[in-house]
Protein chains: 2
Amino acid sequence: MTQPLPAILAHLDETAPEARARLIDWLRIPSVSAQPAHAADCRRAADWMAAQLAGLGFAAEVKPTAGHPVVLATHPGTGGANAPHLLFYGHYDVQPAEPFDLWTSPPFDPAVVEGPRGPRVVARGAVDDKGQCMTWLEAFRAWHAVAGGPPCRVTVLVEGEEEVGSTSLDAFLAENRDALRADVAVISDTGMWDIDTPALTTSLRGMVYSQIDVRAASRDLHSGMYGGSARNVINLLTQILGDLHDEDGRVRIPGFYDGVRELTNAQRVEWDALGFDEAAYLRAIGLSVPVGEKGRGALERLWARPTADINGIWGGYTGEGGKTVIAAEAHAKLSCRLVPGQDPQKVAEGIRRFVADRLPPDCSAEVQIFSTTPGIEVPADSRWVQAARRALQAEYGKPALLMGCGGSIPVVESLRRILGLDSLLVGFGLEDDQVHSPNEKFEMRCLHQGARSHARLLAEIAGP
Amino acid sequence: MTQPLPAILAHLDETAPEARARLIDWLRIPSVSAQPAHAADCRRAADWMAAQLAGLGFAAEVKPTAGHPVVLATHPGTGGANAPHLLFYGHYDVQPAEPFDLWTSPPFDPAVVEGPRGPRVVARGAVDDKGQCMTWLEAFRAWHAVAGGPPCRVTVLVEGEEEVGSTSLDAFLAENRDALRADVAVISDTGMWDIDTPALTTSLRGMVYSQIDVRAASRDLHSGMYGGSARNVINLLTQILGDLHDEDGRVRIPGFYDGVRELTNAQRVEWDALGFDEAAYLRAIGLSVPVGEKGRGALERLWARPTADINGIWGGYTGEGGKTVIAAEAHAKLSCRLVPGQDPQKVAEGIRRFVADRLPPDCSAEVQIFSTTPGIEVPADSRWVQAARRALQAEYGKPALLMGCGGSIPVVESLRRILGLDSLLVGFGLEDDQVHSPNEKFEMRCLHQGARSHARLLAEIAGP
């Protein structure tokens with residue numbers, strides 16, 4: 001089965017310009033799942049992917065959910081009914097692009113820019129996750145063109161709610177259990193060690209995302225008339241949230257560290273050996289001093305320790321100039337990154353208690369929980385991981401690293417819980433891709449070598 | 001000179017509906033001084049007042065400043081060159097009306113609503129300060145109609161930057177010293193004790209208004225990739241501002257209480273005698289427990305103690321749903337109400353130090369100072385105060401109270417410093433007028449009795 005591979009890789013080399021054009025086409029669709037005004041765009045982004053897959057011999061559908069629709073497609077492959085069966089997962093939705101004024105080009109009008117490592121595409125979703133989805137889509141295309149289809153059985157699942165907590169995904173997985181039968185899931189939504197060094201991710205942080213709404217007076221007040229007598233809820237909100245960390249950087253949410261496991265010595269040695277340069281990592285974003293828990297290593301803090309970050313805050317007068325108002329309400333978005341062992345429901349309950357414990361008389365606080373995902377680990381020694389390491393080594397000429405990841409990919413936990421599937425996390429993002437930030441980008445070299453890696457992976461998994 | 005008074009008061013009674021219509025006409029102009037988009041509206045509001053005064057025999061002009069223009073008008077009066085000379089001050093600018101969705105009717109489409117104390121007008125600026133300006137304007141109108149003009153010399157000064165710190169006013173006063181020559185200033189921008197009980201205000205709090213901008217990373221970051229390593233400036237801003245008060249409600253800004261005088265026993269006895277019902281005051285705004293410095297009386301906290309309130313806060317993602325961002329910058333508006341004895345420049349410096357002292361490495365903070373006004377006291381025993389007390393007693397049938405005021409009227413300090421003038425603070429606002437809040441209103445009974453009071457005041461000051 002590996003005989004067609006040289007021709008497939010050559011095909012990918014020859015068609016790289018068209019692959020880039022296809023990615024740009026998809027990136028033009030502003031499929032922002034968090035914003036109801038973009039619901040139709042989400043549907044368009046799903047239709048786009050389904051049409052691509054249908055053109056490559058897949059039976060492809062866009063299936064409705066309670067939220068944004070899911071693309072579901074299957075291909076029998078050319079290897080027969082006993083060939084391995086892979087489930088490729090991706091997401092077509094993207095983060096909101098705000099603040100727009102910090103983008104050097106419009107977020108949904110992709111710009112090809114020459115960078116130090118060759119051309120890159122700048123657009124919201126360039127790497128997360130449209131560009132990464134294109135790595136396997138282009139691999140399918142090359143196998144289709146050269147060999148009439150992939151060498152193993154393939155199912156594709158592309159959802160539209162990853163950036164908003166994958167609200168409808170669990171029900172979808174449960175309802176489509178038969179159609180989603182496979183041997184392993186393959187997900188490209190993680191990063192490389194650097195542009196020359198491939199990586200597989202074997203641990204992921206989870207998340208609890210919340211919004212806190214604090215209210216006191218029945219209306220906005222004049223600070224001259226009421227200052228010194230009436231409760232100021234913005235002052236209060238800063239008092240509550242300013243107490244989130246102790247002096248050692250530990251989170252004060254009750255029960256927050258319950259179940260958090262210490263690193264094994266083996267893990268610590270392995271991660272230390274990676275030689276992660278936190279100073280350079282921070283320098284790239286204009287910082288020099290790491291924060292987080294005292295006495296913990298850099299990768300430990302990023303991959304194996306939970307965190308609490310306020311992602312947004314607002315209240316009172318925020319326009320130009322001054323307004324002497326005492327606001328009636330104030331709001332914040334607070335998210336916690338979780339590690340394996342923490343119970344997301346208990347962390348959510350801890351956030352509620354943390355706020356309630358600091359709430360004075362006359363005030364009310366609502367804590368909305370938008371999403372809860374546990375941190376998870378995936379086995380590092382399966383035949384799938386072995387196959388992926390061979391494919392990546394062949395493409396990059398050096399071994400793939402096994403990494404942790406500070407972010408969360410909720411589907412990994414759902415795939416395991418509902419479908420009993422492990423996930424192979426092979427991604428082509430880079431640290432400076434500005435994920436979720438203005439000027440998000442994807443290196444065209446990553447797109448190309450990612451597609452070549454997936455083409456190799458299919459061959460490795462199909463076997464000789 | 002008092003002979004025409006009965007006819008003047010009768011004229012005000014007969015023309016009350018027209019007075020209300022004129023106020024509504026002026027309120028339709030959205031003269032929001034803080035918002036550059038409303039600059040032309042500010043000019044229109046100035047022109048409106050100048051035209052009114054010109055129609056009443058005043059020599060009226062709209063004079064440019066570096067900011068919004070000033071209305072300056074004079075009338076020689078009918079009492080000759082030796083009659084007392086009054087300088088009436090008001091402001092035509094209004095606070096921003098945000099948040100619009102909390103208004104029961106559009107803020108610049110005045111609604112006449114029947115309330116428990118008769119009709120009221122609901123609009124931004126209804127009481128602060130357009131409605132209050134109308135009280136003296138209608139008094140001039142009645143004197144003009146019945147007696148050919150006011151019985152004493154009158155100069156009118158109506159500025160358009162009161163709500164943004166009266167930035168251009170000092171220069172204007174200095175440049176127009178001769179045109180502004182008078183014996184005393186009269187200002188209607190304060191409140192009554194209640195709708196049946198008139199009041200003169202003899203102490204005012206000052207203000208320092210600032211904006212704090214905190215920055216750390218060079219761009220917004222993904223909390224999954226950077227949480228646990230990179231500084232979160234929103235967390236930081238809540239830590240800094242959450243530290244603003246100690247457990248006894250005292251402000252921790254360095255040097256904040258320097259120069260603050262303790263109440264005299266006489267003051268304390270007088271204010272206690274007012275029988276201020278703080279519980280009812282708070283109940284009206286949905287609260288039950290006072291905040292502020294422990295161990296201080298209610299009126300003491302409102303009139304004679306300085307405060308620090310965060311008037312606005314913003315940063316990160318504030319839209320619908322969730323976005324897992326670590327923001328690069330966060331902002332707050334912080335204002336301090338000052339009392340006589342505090343040096344506003346030192347308080348501004350204290351705010352800078354308070355922030356700088358709490359700023360960790362890698363972070364920068366800019367503290368912009370928008371305005372600085374000292375707290376001031378006006379003499380309570382002058383011939384002008386005596387005349388005003390007689391006028392108010394005649395109108396309301398009970399003595400006027402001498403009160404403090406928690407708000408600031410920067411012009412009072414400027415008039416004293418630059419022109420050597422004391423101010424007579426006689427106002428007709430009520431506690432529930434929603435000053436600076438949605439649904440600001442002015443009682444039509446206050447408009448009418450305010451106009452009658454000013455008509456009487458002119459007679460009292462002119463003398464028999």
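Conventions adopted
- Residues numbered from 1 in each chain as written.
- Chains lettered and ligands numbered in written order.
- Predicted model: local features only at pLDDT ≥ 70, side-chain atom pairs only at ≥ 80, totals over all residues.
- Heavy atoms only, no water.
- Helix = DSSP H or I, 4+ residues; strand = E, 2+ residues; numbered from the N terminus.
- Buried < 20%, exposed > 50% of the residue type's maximum accessible area, 1.4 Å probe, protein only.
- Contact = heavy atoms within 4.5 Å.
- Areas by Shrake-Rupley, 256 points an atom, 1.4 Å probe, with all protein chains shown as cover.
- Lys, Arg positive; Asp, Glu negative; His and termini not counted.
- Charge placed at Lys NZ, Arg CZ, Asp CG, Glu CD.
- Salt bridge = Lys/Arg side-chain N within 4 Å of Asp/Glu carboxyl O.
- Pairing = 2+ DSSP bridges.
- Axes fitted to C-alpha atoms, helices over the stretch in contact; angles between N-to-C directions.
- Domains from an automatic or database assignment.
- Buried area = accessible area lost by both parts, 1.4 Å probe.
- Polar contact = N/O pair within 3.5 Å; in protein donor to acceptor, adjacent residues only side chain to side chain.
- Nonpolar A, V, L, I, M, F, W, Y, C, P; charged D, E, K, R; others polar.
- UniProt positions renumbered as here; feature names shortened; annotations may be inferred.
- Phe/Tyr/Trp six-rings, centres within 6.5 Å; stacked < 30°, edge-to-face > 60°.

Per an unreviewed UniProt entry, chain A goes by the name Peptidase M20 dimerisation domain-containing protein and belongs to Paracraurococcus ruber.

Q: How do you make sense of the overall build of chain A when you look at a structure like this?
A: Secondary structure summary: chain A contains 14 helices and 18 strands in total. Based on the C-alpha atoms only, the size of chain A along its principal axes is roughly 80 × 50 × 45 Å. When the 464 residues of chain A are sorted by exposure, 63% land in the buried category. Within chain A, contacts between residues at least 6 apart in sequence are counted, and of these 80% link residues at least 24 apart. As presented, chain A carries roughly 15,900 Å² of accessible surface, and 50% of it is formed by carbon and sulfur atoms. Across chain A, the centroid of the 44 positively charged side chains sits 2 Å from that of the 59 negatively charged ones.

Q: Even after reading the chapter, I still don't get the pattern of salt bridges, so can you show me in this structure?
A: If the charged atoms of two oppositely charged side chains come close together, the side chains can form a pair. Inspection of the entire model under this criterion finds 68 salt bridges over all chains. A salt bridge links R452(B) to E395(B); the shortest N-O distance between them is 3.0 Å. Of the two residues, R452(B) sits in helix α14 (residues 444-462) while E395(B) sits in helix α12 (residues 383-396), which places them 57 residues apart along the sequence. With a relative accessible area of 15%, R452(B) lands in the buried category. Classification of E395(B) by relative accessible area gives buried; the value is 11%. One salt-bridge network, in which partners are shared between bridges, spans R250(A), E262(A), R268(A), E293(A), R296(A), E300(A) and R305(A).

Q: Looking at this structure, I do not really get the pairing of strand β1 (residues 59-63) of chain B. What am I missing?
A: Looking along a regular strand, one sees side chains alternate from face to face of the sheet. One ladder, built from five bridges, connects β1(B) with strand β2 (residues 70-75) of chain B; its direction is antiparallel. Counted as the bridge partner of A60(B) is A73(B) from β2(B).

Q: Please explain the sheet that holds strand β9 (residues 206-215) of chain A as it appears in this structure.
A: Whether parallel or antiparallel, the strands of a sheet pair through hydrogen bonds between backbone atoms. Across the sheet, eight strands lie side by side as β14(A)-β9(A)-β13(A)-β11(A)-β11(B)-β13(B)-β9(B)-β14(B); this open sheet has antiparallel pairing. The sheet is open, and its two borders are formed by β14 (364-373) of chain A together with β14 (364-373) of chain B, each paired with just one other strand. Direction aside, neighbouring strands of the sheet carry axes that sit 20° apart on average. By the bridge criterion, nine bridges tie strand β9 (residues 206-215) of chain B to β14(B) in an arrangement that is antiparallel. Looking across to β14(B), one finds that M207(B) is bridged to T373(B). Sitting on the sheet, helix α11 (residues 344-357) of chain B touches β9, β13 (329-338) and β14 of chain B, and the angle it makes with β14(B) is about 165°.

Q: Just to check I follow, could you spell out the domain arrangement of chain A for this structure?
A: A common way to express how large an interface is: the accessible area buried when the components associate. Residue and element names in this part refer to chain A. Each domain of chain A was delimited in the assignment, giving domain 1 (5-204 + 375-462) and domain 2 (206-260 + 306-373). Computed from C-alpha coordinates alone, the two centres of domain 1 and domain 2 are separated by 35 Å. With nine residues of domain 1 at the contact, the number on the domain 2 side is eight residues. Carbon and sulfur atoms supply 56% of the area buried between domain 1 and domain 2, which totals about 640 Å² over both sides. Considering only the surface of domain 1 that becomes buried against domain 2, G375, S408 and P410 emerge as the three largest contributors, covering 57% of it. There are zero salt bridges connecting domain 1 and domain 2. Here domain 1 and domain 2 share zero residue pairs in polar contact (both at pLDDT 80 or more) between them. Classifying every residue of the side of domain 1 that touches domain 2 by side-chain character gives three nonpolar, five polar and one charged.

Q: I would appreciate a short explanation of the UniProt feature "domain: Peptidase M20 dimerisation" (unreviewed entry) in chain A in the present structure.
A: When the UniProt feature table is mapped onto this chain numbering, "domain: Peptidase M20 dimerisation" (unreviewed entry) sits at residues 214-362 of chain A. Annotated as residues 214-362 of chain A, this span is 33% helix and 17% strand, and its ends, taken at the C-alpha atoms, are 11 Å apart.

Q: Help me out: how do you make sense of the packing of aromatic side chains in this one?
A: When we look at a pair of aromatic rings, we describe it by the centre distance and by the angle of the planes. Per the counting criterion, the structure on display carries 22 aromatic pairs over all chains. Ring geometry for F88(A) against F140(A): centres 5.0 Å apart, planes inclined by 90°, an arrangement best described as edge-to-face. Of this pair, F88(A) sits in strand β3 (residues 85-91) while F140(A) sits in helix α4 (residues 126-147), and the two are 52 residues apart along the sequence. Of the two residues examined, F88(A) and F140(A), each falls in the buried class. On the basis of an interplanar angle of 90° and a centroid distance of 5.2 Å, the ring pair of F256(B) and Y257(B) is categorised as edge-to-face.

Q: Sorry, what's going on with the side chain of N235(B) here?
A: On the secondary structure map, N235(B) appears in helix α7 (residues 233-241). Within the structure, N235(B) has its side chain in polar contact with the backbone oxygen of A308(A) (distance 3.3 Å). Discounting chain neighbours no more than four positions away, the residues touching N235(B) are L244(A), H245(A), A308(A), D309(A) and I310(A).

Q: What is the right way to look at the interface of chain A and chain B in this model?
A: Opposite the 85 residues of chain A that make contact, chain B presents 85 residues. For the pair chain A and chain B, the summed buried area comes to about 7,400 Å², and 51% of that belongs to carbon and sulfur atoms. Among the residues chain A hides against chain B, the three largest losses belong to S229(A), I285(A) and K323(A). Together they make up 9% of the total. For the pair chain A and chain B, the number of links is zero salt bridges. Considering every element that reaches the side of chain A that touches chain B, the biggest residue donor is strand β11 (residues 307-316) of chain A, with 10 residues. Grouping the amino acids of the side of chain A that touches chain B by side-chain chemistry returns 35 nonpolar, 34 polar and 16 charged. Where β11(A) and strand β11 (residues 307-316) of chain B come together, five bridges link them in antiparallel fashion. Bridge pairing in β11(B) links G312(A) to G316(B).

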